[in-house]
Amino acid sequence: MPDNIKLAEYLFTRLVQLGIGAIHGVPGDFNLTLLDYVEPAGLKWVGNANELNAGYAADGYARIKGIGALITTFGVGELSAINAIAGAYAERAAVVHIVGTPDRPTQDARVRIHHTFNDGEFGRFAQMAAHVTVAQVDLKDPRVSPEHIDHALTQCLLHSRPVYIQIPVDMVSAPVSAARLQSSIRLPQMGPSAYSTEVVDQVLKRIYEAKQPAILVDGETRAFGIVNSVQSLVEITKFPSWTTGFGWGLIDESTPNVYGIYRGRFDTPVVHEYIQTSDLVLCFGPHFSTTNNYANSGSPKIETLICIAHNEVRIGDQIFRDIPARLAVAQILQGLDASKISNLEPVSILTRARAYTGSSVALRDEPITQTLFWPRMSRLVQEGDIVMGETGSAGHGCRDIYPLPKHVRTFVPVTWLSIGYMLGAAQGAALAQKELISSKQHHGIQSARTILFIGDGSFQMTVQELGTIIRHKLNVTVILINNDGYTIERVIHGLKQQYNDVTPWRYLQAPGFFGAHEDTFTARVSTLAELQNLLDSEALTKTEGFKMVEVVMEREDVPDGVLAWLLQKQLGNPS
């Protein structure tokens, strides 16, 4: 490698070193010269329909591969993406947001140019970004730009949250030292200390003393890189284990002591009482938002709770800081003596939900209901797939797919809840999945797909990204729930109000409009018999290619659980 390389080459080399294979984004006049360096660096340029979708896609990509990136232009482009960046911040997706900015002389002279407020002020957008990113760097000095890039990328990985990198047009080809590229970016590591050992000993003592223990795996487990270690703890302790919606799919549901998603007071009385009366609940990667936590009903009692969080361990109401999750879990595993655990026998009162095996009853012309639809979707999901449920009835209903096959990843509504997110994220997740399969890093799986369940209202938000999915030949199956509008908003407020309506589209014409071949598989079903025939169709069940299915349901029909509870409140039947 030469002593000096161009700044853009340095940045993109670093991204490749981190495992990024593709960059999302939209071209704009302040990033065009930067884009010239993307493909020569060995990166795929995705090219999205708009910056918001690009941000969603980079987020989806990051949640599958660990880190993602997008490039936008200054001002109008980056602000279009900031909603997606905020969601990545809220739900811990490591996204590198690169922004092409005006050249330094233009900024220094405070020239009144386009994509600004016409006042010569160039710093406002970075100030906005600071609220939704963990590091911000402006590469204006070639002497320190490599160090600044490395700092931003380190923070991105360390916190699993977005970072913001500005590159002025005249800095793109500026020569910088390549010396730092000889060493990979390494996250700071902490080894065991007397302090961390003392805290872990308290955790182990509680484990050994517990008479009615439980494990709850939440979604930040992924962000902290402790998924495999937590799976080992689930298997060694044999404690009854659940996930949250955010954590769904992170532990193997074929493990005998794994009981699926804990749904708070909307779960079975036996499960809810078991967790709420447990004397120990080990929670990994906690993310207790109201949506993820089933209207605040899924939080265990504080006195029974031990949380392994990003950089701290919480035992009851005590917080022990500066103990990273990886260190805490590693020390727990190393110190754990399974022979000291009080009870390794299965808990007799707990039963695992039965997998859907089909119906022997001829249900011919009956309409498709949410209750009957979702368990049937278990037949569709295969090992290594990605399952995505958009905010709304799809995101709640898809949780009734059980059990998940091995190595299935899931996306469901967690905290940010920007409707339309899942379609853009599906493009990014499917691309990451494709890269993992092609590089033989997908658990030995040779073929898999991304299955997106999305409502008609959300679909209309980000439909343009179908074109990107089709253009890049991604294995995505879109299952659109046509229930005539914003059902989730109806059950919150305005059950009969027209502001919750959407324009009826001819949805199955969308693939052709966005470039799909004429023989692309599409289907529309409105009865259980049609649904059964569809699920028996090899054309749907094979993983390769893009497919789209429209499923017609009633507008006021919702899955059991939180949405059914909200609907009853609308109808004047609170419970």
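Above this text you will find the structure in question.
Okay, so let's go over this structure. (Residues numbered from 1 in each chain as written. Predicted model: local features only at pLDDT ≥ 70, side-chain atom pairs only at ≥ 80, totals over all residues. Heavy atoms only, no water.)

### Considering the nonpolar core
Counting 74 residues, the largest nonpolar core has Phe12, Val96, Ile167 and Phe459 as the members making the most contacts within it. Apart from the residues lying within four places of it in its own chain, the contact partners of Val96 are Leu15, Ile67, Gly68, Ala69, Leu70, Leu153, Cys156, Val163 and Ile165. (Core = buried A, V, L, I, M, F, W, Y, C linked by side-chain atoms within 4.5 Å. Buried < 20%, exposed > 50% of the residue type's maximum accessible area, 1.4 Å probe, protein only. Contact = heavy atoms within 4.5 Å.)

### Let's talk about helix α22 (residues 562-570)
Among the residues making up α22, those that are buried are Val562, Leu563, Ala564, Trp565, Leu566 and Leu567. Looking at the buried positions of α22, the neighbouring elements they touch are α14 (393-397) and α18 (487-492). The first or second residue beyond α22 is Gly572, which carries a positive phi of 80 degrees. (Helix = DSSP H or I, 4+ residues; strand = E, 2+ residues; numbered from the N terminus.)

### Digging into the packing of aromatic side chains
Throughout the structure, instances matching the rule amount to 15 aromatic pairs. Here the aromatic rings of Phe74 and Phe125 are separated by 4.9 Å at their centres, their planes lie at 75 degrees, and the arrangement is edge-to-face. Of this pair, Phe74 sits in the loop between β4 (68-73) and α4 (76-90) while Phe125 sits in helix α6 (residues 124-129), and the two are 51 residues apart along the sequence. Look at Phe74 and you get buried, because its relative accessible area is 1%. (Phe/Tyr/Trp six-rings, centres within 6.5 Å; stacked < 30°, edge-to-face > 60°.)

### Let's talk about the sheet that holds strand β11 (residues 258-261)
Sheets are built from strands paired through backbone hydrogen bonds, the pairs being either parallel or antiparallel. Sheet architecture is open: seven strands sit in the order β11-β10-β9-β12-β13-β14-β15, paired in mixed fashion. In the strand order of this sheet, the two ends are held by β11 and β15 (318-321), each with one partner. On average, each strand axis in the sheet is tilted by 15 degrees relative to the strand beside it, whichever way the strands run. Helix α8 (residues 194-209) contacts β12 (280-284), β13 (305-308), β14 (312-315) and β15 of the sheet and is inclined by roughly 40 degrees relative to β14. (Pairing = 2+ DSSP bridges. Axes fitted to C-alpha atoms, helices over the stretch in contact; angles between N-to-C directions.)

### A word on the pairing of strand β16 (residues 386-389)
Alternating residues of β16 divide into Ile386 and Met388 and Val387 and Gly389, and every residue in both groups is buried. As defined by bridge partners, β16 adjoins strand β17 (residues 409-411) across three bridges and the pair is classed as parallel. Pairing of Met388 across the sheet is with Phe411, part of β17. Summarising the sheet, β16 and strand β18 (residues 450-455) pair through four bridges and their orientation is parallel. Considered in β18, the bridge of Val387 is made with Ile451.

The quantities given are spatial measurements derived from coordinates; they are silent on function.
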